[in-house]
Amino acid sequence: MATKNERIEIIDALRGFALAGIAICHIVEQYIGAQAPSAFYESVNPSITDQIINALIGIFLRGKFIALFSFLFGLSFFIQMDNARNKEVPFAGRFLWRLLLLLGIGYVHSFFYRGDILTVYAFLGIFLIPFYRLGSKWILGIAFILFLGLGRFVIFKYFGGEHLFLEQTDTTGTDAPRVVGYYNTLKEGGLLEVFKTNAVEGHLDKLNFQYGIFGRGYFTFAFFLIGLYAGRIGFFKRFRTDKNMTKQVLIWSGVGLVVAMGVTAAAFSSIGPDVQMNNWTAMVGLTGMDLANMTMTFLYIALFVVLYRKRKMERLLGKFAPFGRMALTNYVLQSLIGTFLFFGWGLGYLGVLQNTYTFFIALALITIQIVYSKKWLQHFYYGPFEWLWRSLTFFKKYPLRRKPLKE
């Protein structure tokens, strides 16, 4: 059996691995967090190398690593609730308060970056609480129907492809006035202008992406549930010994990926080159894309576990663990650095740097944060935001700095 420290380390390492993938996506997307005008895509993809990088990120990273992050959120929820239950301490109310604090942190973060995920997690996390005591079959069943696109199909039936919160005529297409206007605000506007548009309109646009026909919120909650289930069955407690479980995940995820890719290709090829999100076939195609992202995410989890069992790979992948332990701090810092680099209130490189450059900038930032996280945790118990979140959760000032070892 794996020890407690080993189990925690692989979870932290997997969280760091997920955060690294998210950072690459966000930096290459230049922290726009919304649809961008066609001029942007033309300026950042002029060479074959730039186009290849964009394609590889789209295939292997985009939508998969944020799903992995969501899986780990659900897993962390279970661990916190289960630890409290073992101590016979009620935690549901405390977890709700913890989510409200996360909502506040996320809302401030969203002033800088419209694509903030913390506010989404805080809202959806509320609905996780009753699932802790629900039977495993119900958890898996509800996750399954969410993965199959139930939310998307219901929304499309009653609202079609319309934006749920903003005027449709001003939001469609990469060169729609609202799209171009927001891009210009990021590129040329001051800090307060960015804050103003992100504070309200940004959340309305994000709500549509999460709960409209693109359905990212339903997809995210399904991964919350799978993470909860993984915690319940002790997947990371016995990952070294129960190799059959990992093997089954690899096999079924591989089969599911092939099927999902076939569904996606069949749906969108039948529509033709001019794809419009105003028909049921397109909804099936979007669900196929979600299923492809889902199965690839499961493949990543299983492959990470298989590699982590090997001593050399454990040492290598374990370098992500301090980075993952400080995931909240590192996530927020990435956004502050990224928006300063690209937006007009900072250095103003939005739409200037090509994908090749932003990709290597992302790798450099991840490397720096991995090294710095390790050094930080040698002197401190928590990352700054992790310490603040924990202290406010329990209304207690936890020690931050480690005591120096006596010689």
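These lines cover the structure that appears in this document, whether it is placed above or below. Everything quoted here is computed from the prediction, not taken from an experiment.

Criteria and cut-off values
- Residues numbered from 1 in each chain as written.
- Predicted model: local features only at pLDDT ≥ 70, side-chain atom pairs only at ≥ 80, totals over all residues.
- Heavy atoms only, no water.
- Helix = DSSP H or I, 4+ residues; strand = E, 2+ residues; numbered from the N terminus.
- Buried < 20%, exposed > 50% of the residue type's maximum accessible area, 1.4 Å probe, protein only.
- Axes fitted to C-alpha atoms, helices over the stretch in contact; angles between N-to-C directions.
- Left-handed = near helix turned anticlockwise from the far one by under 90°.
- Contact = heavy atoms within 4.5 Å.
- Nonpolar A, V, L, I, M, F, W, Y, C, P; charged D, E, K, R; others polar.
- Salt bridge = Lys/Arg side-chain N within 4 Å of Asp/Glu carboxyl O.

**Considerations on the environment of lysine 396**
Then, number 1: Among the secondary structure elements, lysine 396 is positioned in the segment after helix H19 (384-394).
Then, number 2: Here lysine 396 falls in the partly exposed class, since its relative accessible area comes to 47%.
Then, number 3: Separated by 386 residues in sequence, lysine 396 and isoleucine 10 place their C-alpha atoms 28 Å apart.

**Quick notes on the packing of helix H9 (residues 177-188) against helix H10 (residues 191-199)**
Then, number 1: The N-to-C vectors of H9 and H10 enclose an angle of 145°; their axes lie 8 Å apart at closest approach. Between H9 and H10 lies a crossing whose hand is left-handed. Within the contact between the two elements, H9 uses Tyr182, Thr185 and Leu186 and H10 uses Glu193, Val194, Thr197 and Asn198.
Then, number 2: The residue inventory of the contact of H9 with H10, partitioned by class, reads three nonpolar, three polar and one charged.

**Points about the side chain of asparagine 293**
Then, number 1: As for its placement among the helices and strands, asparagine 293 is situated in helix H14 (residues 280-308).
Then, number 2: Once residues lying within four places of it in the same chain are set aside, the contact partners of asparagine 293 are Arg62, Gly63, Lys64 and Phe219.

**Let's talk about the pattern of salt bridges**
Then, number 1: Applying the stated criterion across every chain, the model contains 10 salt bridges.
Then, number 2: Where glutamate 29 meets arginine 62, a salt bridge forms, and the shortest distance between an N and an O atom there is 2.8 Å. With glutamate 29 in the loop between helix H1 (4-28) and helix H2 (38-44) and arginine 62 in the loop between helix H3 (48-60) and helix H4 (65-86), this residue pair connects regions lying 33 residues apart in the sequence.
Then, number 3: Judged by relative accessible area, which is 26%, glutamate 29 ranks as partly exposed.
Then, number 4: Since its relative accessible area comes to 29%, arginine 62 is described here as partly exposed.
Then, number 5: With a closest N to O distance of 3.5 Å, aspartate 116 and lysine 206 form a salt bridge. Note that aspartate 116 is positioned in the loop between helix H5 (92-112) and helix H6 (118-126) and lysine 206 in helix H11 (residues 201-211), a separation of 90 residues in sequence. Accessibility assignment for this pair places aspartate 116 and lysine 206 in one class, buried.
Then, number 6: Salt bridges sharing common partners tie together Arg114, Arg178, Glu201 and Asp205.

**Remarks on unusual backbone geometry**
Then, number 1: Backbone geometry places tyrosine 31, a non-glycine residue, at a positive phi of 55°.
Then, number 2: Here tyrosine 31 lies in the loop between H1 and H2.
Then, number 3: Relative accessible area serves as the criterion here: at 1%, tyrosine 31 is assigned to the buried category.
Then, number 4: Not every positive phi belongs to a glycine, and glutamate 88 is a case in point at roughly 60°.
Then, number 5: For glutamate 88, the location among the structural elements is in the loop between H4 and H5.
Then, number 6: On the basis of relative accessible area, glutamate 88 is assigned to the exposed category, the value being 73%.

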